[in-house]
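Chain by chain, the residues run as shown.
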Amino acid sequence: MKRILILIILTYSSLLSQSLFEDLKKAVELGKPELYSQIFVDNKKEIETEWFEENIIKRGFKKVEVAEPYFSSNEGVKKGILQILLKSEIENELQIWEIQMEGEKISEKKIVKRVPELYEVQIPSKRIERAKEVSLLARDIDVVFKNAIVFWDNLPINRNTAVIIYGDGILHFYPSSREERHQVSINFGSSEILTPIKWLYVRFSPLNLQKYFKIVEPIKINPPQEIYDKASEIFSQFSSLSFSIELPAFKKILFTLPSPQEILIESIEGKLGEFTYNFSTLLEENITFMDRKREKILCLYSPDEEKIRIKFSSTSLWNLLHEDIYLDFNPGDEFLNIKAKLLLESKEDDIDSLFLRLNNSFEIKSITEKNSPVLFMRDNQGLLSIFLAKRYKKGEMLELSLDYSGKIYGEIELVDIQTEKKPSPRKIGRERKLQDRFSMLKGNRKEPFYLYSYTSLWHPLRTEWDFFTANITIKVPNGFTAISNGNLVRKEGNTFFWEERVPVKYLSVVIGRFYSYTDFESKIPIKFFVTMESGYPDIDFKRVKIILKFFSSLYGEYPYEKLYVIKRKWNTLGGHSPASFIILNTLIKGLIPKSSPGDLSSDVREYFLVHEIAHQWWGNIVTGRSYRDVCIPEGISQFSTFLYIKDFYGDRVFYDIIKRIITWINKKSTTGSISLGTRVGHFSDDSDAFLAVIYDKSALALYLLQRILGREVLIDSLREVLDKYSYSDISIGELRKVIERKSGTDLGKFFSGWFYNYTLPEVEIYWKNENLNGKNYLILKVVQKGETEFVFPLPIQWKDNQIMRNEELLVSKKEEVFKFSLEGKASSLKVNKPKIVPGKFRVFKER
Ligand SMILES: [Zn+2]
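Residues numbered from 1 in each chain as written. Predicted model: local features only at pLDDT ≥ 70, side-chain atom pairs only at ≥ 80, totals over all residues. Heavy atoms only, no water.

*Asks:* Can you tell me about the overall build of the protein, naming the residues and giving the values?
*Replies:* Scanning the protein from terminus to terminus reveals 15 helices and 46 strands. Its C-alpha atoms give the protein a radius of gyration of 32 Å, within 12% of the compact-globule value 29 Å for 847 residues. With respect to the principal axes defined by its C-alpha atoms, the protein has extents near 110 × 75 × 55 Å. The proportion of buried residues among the 847 residues of the protein is 55%. Approximately 37300 Å² of the protein is accessible, and the part contributed by carbon and sulfur atoms is 49%. Of the side chains in the protein, 123 bear a positive and 115 a negative charge, and the two mean positions are spaced by 6 Å. (Helix = DSSP H or I, 4+ residues; strand = E, 2+ residues; numbered from the N terminus. Rg over C-alpha atoms; globule rule 2.2 N^0.38 Å. Buried < 20%, exposed > 50% of the residue type's maximum accessible area, 1.4 Å probe, protein only. Areas by Shrake-Rupley, 256 points an atom, 1.4 Å probe, with all protein chains shown as cover. Lys, Arg positive; Asp, Glu negative; His and termini not counted. Charge placed at Lys NZ, Arg CZ, Asp CG, Glu CD.)

*Asks:* Hey, could you go over the sheet that holds strand E29 (residues 481-484) for me, with residue numbers and the actual values?
*Replies:* Overall, antiparallel pairing links the three strands, which are arranged E27-E32-E29 in an open sheet. Of all the strands in the sheet, the pair left with one neighbour each is strand E27 (449-452) and E29. Strand-to-strand twist of the sheet, defined as the mean angle between neighbouring strand axes without regard to direction, takes the value 15°. Direction of pairing for E27 relative to strand E32 (residues 509-512): antiparallel, over a ladder of four bridges. Bridging across to E32, phenylalanine 449 finds its partner in glycine 512. (Pairing = 2+ DSSP bridges. Axes fitted to C-alpha atoms, helices over the stretch in contact; angles between N-to-C directions.)

*Asks:* Residue-level account of the environment of alanine 614, with values.
*Replies:* For alanine 614, the location among the structural elements is in helix H10 (residues 607-614). Beyond its immediate sequence surroundings of up to four residues, alanine 614 is in contact with Phe551, Ser637 and Ser640. (Contact = heavy atoms within 4.5 Å.)

*Asks:* How would you summarise the nonpolar core if you had to cite specific residues and measurements?
*Replies:* It is characteristic of soluble globular proteins that their nonpolar side chains tend to be buried jointly. Residues Trp458 and Tyr555 are the most contacted members of the largest nonpolar core, which totals 163 residues. Both domain 3 (624-754) and domain 4 (762-845) contribute no fewer than three residues apiece to this core. Counting residues in hydrophobic clusters, the runner-up holds 34 residues, among them Val150, Ile197, Phe279 and Leu298. (Core = buried A, V, L, I, M, F, W, Y, C linked by side-chain atoms within 4.5 Å. Domains from an automatic or database assignment.)

*Asks:* Hey, could you go over unusual backbone geometry for me, with residue numbers and the actual values?
*Replies:* Here the bond from isoleucine 123 into proline 124 is cis, since omega is 0°, no more than 30 degrees from zero. Look at the link from lysine 833 to proline 834: it is a cis peptide, with omega at 0°. Within the secondary structure layout, proline 834 lies in the loop between strand E45 (826-831) and strand E46 (840-845). We note that glutamine 802 has phi near 70°; this positive angle belongs to a residue other than glycine. Inspection of the secondary structure assignment puts glutamine 802 in the loop between strand E42 (792-800) and strand E43 (803-811). Taking the relative accessible area as the measure of exposure, glutamine 802 reaches 64% and is therefore exposed. With a phi angle near 45°, serine 828 is a residue other than glycine that sits in the positive phi range. The topology assignment puts serine 828 in strand E45. According to the relative accessible area criterion, serine 828 is partly exposed, its value standing at 43%.

*Asks:* Describe the environment of asparagine 801, with residues and values.
*Replies:* Mapped onto the secondary structure, asparagine 801 falls in the loop between E42 and E43. Residue classification places asparagine 801 among the partly exposed positions, given a relative accessible area of 47%. Sequence-distant contacts of asparagine 801, that is, excluding residues within four places in its chain, are made with Glu823, Gly824 and Lys825.

*Asks:* Outline the sheet that holds strand E36 (residues 574-576), supporting the account with residue identities and numerical values.
*Replies:* Sheet architecture is open: five strands sit in the order E33-E34-E35-E37-E36, paired in mixed fashion. Looking along the sheet, the strands with just one partner apiece sit at the ends: strand E33 (514-519) and E36. Strand-to-strand twist in this sheet, taken as the mean axis angle between neighbours without regard to direction, amounts to 20°. Note that strand E34 (residues 526-531) and strand E35 (residues 563-570) share five bridges and pair parallel. Across the sheet, the residue bridging to phenylalanine 528 is valine 565, located in E35. Its contacts with the sheet place helix H9 (residues 541-555) against E33, E34 and E35, and it is angled at close to 130° to E34. This element, H10, spans E35, E36 and strand E37 (581-587) of the sheet and lies at about 155° to E37.

*Asks:* Go over the packing of helix H13 (residues 711-724) against helix H14 (residues 732-743) with me, naming the residues and quoting the values.
*Replies:* Contact geometry for H13 and H14: axes closest at 9 Å, N-to-C directions at 125°. Viewed along their axes, H13 and H14 adopt a mutual orientation that is oblique. Here the hand of the crossing between H13 and H14 comes out right-handed. Residue-level contacts link Val713, Leu714, Asp716, Ser717, Leu718, Glu720, Val721 and Lys724 of H13 to Leu735, Val738, Ile739, Arg741, Lys742 and Ser743 of H14. (Parallel < 35°, antiparallel > 145°, perpendicular 65-115°, else oblique. Left-handed = near helix turned anticlockwise from the far one by under 90°.)

*Asks:* Tell me what's going on with H14, and back it up with residues and numbers.
*Replies:* The end-to-end C-alpha distance of H14, which contains 12 residues, comes to 17 Å, matching closely the 16 Å that a straight helix rising 1.5 Å per residue would cover. Each element contacted by the buried residues of H14 is listed here: helix H11 (631-668), helix H12 (687-709), H13, strand E39 (728-730) and helix H15 (748-754). Where H14 ends, the next residue or the one after it, glycine 744, has phi of about 65°, a positive value. (Expected span 1.5 Å × (residues − 1).)

*Asks:* Can you break down the domain arrangement of the protein residue by residue, with the values?
*Replies:* Domains assigned within the protein are domain 1 (5-117), domain 2 (128-309), domain 3 (624-754) and domain 4 (762-845). One C-alpha centre belongs to domain 1, the other to domain 2; they are set 38 Å apart. Between domain 1 and domain 2, roughly 1200 Å² of surface is buried when both sides are summed, and carbon and sulfur atoms account for 65% of that area. The tally of links from domain 1 across to domain 2 stands at one salt bridge. Lysine 252 is the partner of glutamate 65 in a salt bridge, and the nearest nitrogen-oxygen pair spans 2.6 Å. (Buried area = accessible area lost by both parts, 1.4 Å probe. Salt bridge = Lys/Arg side-chain N within 4 Å of Asp/Glu carboxyl O.)

*Asks:* Quick rundown of the pattern of salt bridges? Include the residues and the values.
*Replies:* The full count for this structure, using the stated rule, is 50 salt bridges. Its salt-bridge partner being aspartate 651, residue lysine 646 comes within 3.0 Å of it at the nearest N-O pair. Judged by relative accessible area, lysine 646 falls into the partly exposed class, the value being 24%. Across the pair glutamate 720 and lysine 742 runs a salt bridge, and its minimum N-O distance is 3.2 Å.

*Asks:* Just give me the short version of helix H6 (residues 225-238), but keep the residues and values in it.
*Replies:* Its 14 residues give H6 an end-to-end C-alpha distance of 20 Å, which sits within 8% of 20 Å, the value for a rise of 1.5 Å per residue. Every buried residue of H6 is listed here: Ile227, Ala231, Ile234, Phe235 and Phe238. Mapping the buried residues of H6 onto a view down its axis gives an arc of 100°, with all of them on the same face. Facing away from the buried side of H6 by over 90 degrees, the exposed positions are Gln225, Glu226 and Ser236. Tucked inside the fold, the buried residues of H6 contact strand E8 (141-152), strand E9 (162-173), strand E10 (193-203), strand E14 (252-255) and strand E15 (262-270). (Arc of directions from axis to C-beta.)

*Asks:* Give a description of a positive patch on the surface that names residues and reports values.
*Replies:* A contiguous patch of positive charge, built from Lys659, Lys830, Lys833 and Lys835, is present on the exposed surface. In this structure, lysine 830 sits in strand E45. On the accessibility criterion, lysine 830 (42% relative accessible area) is partly exposed. (Patch = residues over 30% accessible without salt bridge, like charges linked within 9 Å, V, L, I, M, F, W, Y side chains within 5 Å.)

*Asks:* Run through the pairing of E15, naming residues and quoting values.
*Replies:* Of all nine residues that make up E15, eight are buried, and the element is covered over most of its length. Of the strand pairs in this sheet, E10 and E15 are connected by six bridges, and their pairing is antiparallel. Each residue of the ladder has a partner; that of leucine 200, found in E15, is serine 267. Bridge count for E15 against strand E16 (residues 275-280) is five bridges, and the pairing is antiparallel.

*Asks:* For the side chain of threonine 473, give the residues involved together with the corresponding values.
*Replies:* Looking at where threonine 473 falls in the secondary structure, it is placed in strand E28 (residues 468-475). Judged by its relative accessible area of 14%, threonine 473 is buried. When near neighbours in sequence (up to four residues on either side) are disregarded, threonine 473 contacts Ile325, Tyr326, Leu327, Thr495, Phe496 and Phe497.

This is the structure we're talking about:
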């Protein structure tokens, strides 16, 4: 949503004669093509004269600024990149020229990039009005001000794009989606946001401004100085954050106009908080509603809810095939020097740009396409826009090299399951004690441990999932070991050469000093690494092999060339599972693990190991498509862990664990549906909610499905997913389709209830003994009281003439009657036993 773009051109040498610039400037100012053509070699003069008339004079450009050019000399040919900013009365256009020189003249000119319609927007302008009432309307939101002062921008009336409003305003946000209303409700106590506000900053396309912005009885005024000052302060604070482009070469921020499909509203000094509303049909989910103070998204959805469930068919322009990474790491200052070479394949014709993500704290020294430097822009979120010199045809390869370095600030340590949550104000006393203890221990820690993985954005990735092979070369100081994806092909001195031949979705490195233990008997190399301060290591090769064998029997052979398990001391339990290795946390002495929905290790010692090994298939071979599909890696890994527990620990332990998990699900289910993905618990910092819903509830839902369809059908379906979607991503909807095909069963209602809904079954069961024609029957009436109609298996147990009977109902309607014939009379009827279904169950005996 934030649109600040910074255009960077690397300046090397500028030897271009100043007279060339002067001539260009004069030619534009005076509107003289003859003068302009002077800067070109003779045979280009005619065509450039024409160009000038068409593109400068006719379009009304009266001024030009030329930025410091970039020049390079290759085999005697001098090539350069020139940025020029053309200005008419109201509009600016940025052009990037690639030029070739012949002596002092330009012999070739190619316009590589044109960014038209850039504006110099300013608020306050001369147009300031007082109005009796001001209102604006957008999808699912409206704002009304009484007695308002309106600060307009300086653009001509039919081009106005920004306003700042001051007065007594009321902001009303009423999401049209049920789940989003629920999100508002659990965080703000009411399903709509209705709050008084003082200030509003709005960006519209000029057309929308005329359409949706109403101003009643405006009169020109001179506002009080303090209001005027505040308006200009608000403008400088918010204006550059969206629909703007920063041009460091010209020391300028210019504004783009929102398209008619985009609206941005920033509320300021509101009673309930300060919010950003963004509407854009250019995004997969049209509406974003964000709490700016907390920097958190409250709502993200499309008003047409069904759209979300169908895959947004954004065609991918590139396919990343391979990365060569060279990393020189110094643990002393944690400085990373990286050279990355990317091989990408164009998936469409005529492609001349590329988006990459890279951590913002790096300084980029150069980006080159083959051997010539390219232009790029960076935004404040780590998005890198690259403008290529060449246009690529479908199937053509691009080789891109990046040279960058820096320190990644903050403790960006990615863990999968994090069992400790951030301290809540109430618990802060206890937490602080633990924290002190931890920092004391941390201070005493002699062993550095560095992990750079997915969230650190330490190497370039595209904005969509790619699966690529890689060579990772890591240079570290004496005594350090560097571990990465794939095979260690060789080690020269302190340089480690890793090669990943199986496609992966991101790369990870671990650097530290370890004791290592090798299992020489296994098929693939299995190794344990233990940080040196850990003391006597707890190594269990046999267990790892049992787990690998178990999952191979379910999902097919282990997909990578090695499996390393790296144990570190940490302040939280948990693990992380990049392709071909696993990082496992063991708690620092003195810390006590907290009860958490993501931790089953009190019953199953190797729980984290099992869950993380499952990720080698689920998450690494097939992953979830968007943030809404995070249950694909997490839920299926957790479900796989359930199967392991049931097979190796038996029913008693298994059902005990399910019972405990159900307690968490019952407690946390209302925080959001599984399909809310990473947003579950996000707004309120409730990581227990995230674990309970995304890990446990989705795993349990799959387990219920297994009880309905049979283990074989479900495992077959998952195997098919691994086969058909290997090295790519899948959505919840597509998973459903695969299982539907395998089972021949419509699962629409099952998925609606369990995956796309945050409520749980509320069930009443009425039972009685009945004698019909001399035969005894147990009659059960099952009534679902809640709004949603769920599908679930329901185990029941009763005594028939003192003999225990177990049956399983398949509940699928609001109200159903089940009938069982009896020997004698039914008594001691128990429902949901063993407990496998979350929700509320009440049993009534009828007479
Ligand atoms: Zn996980």
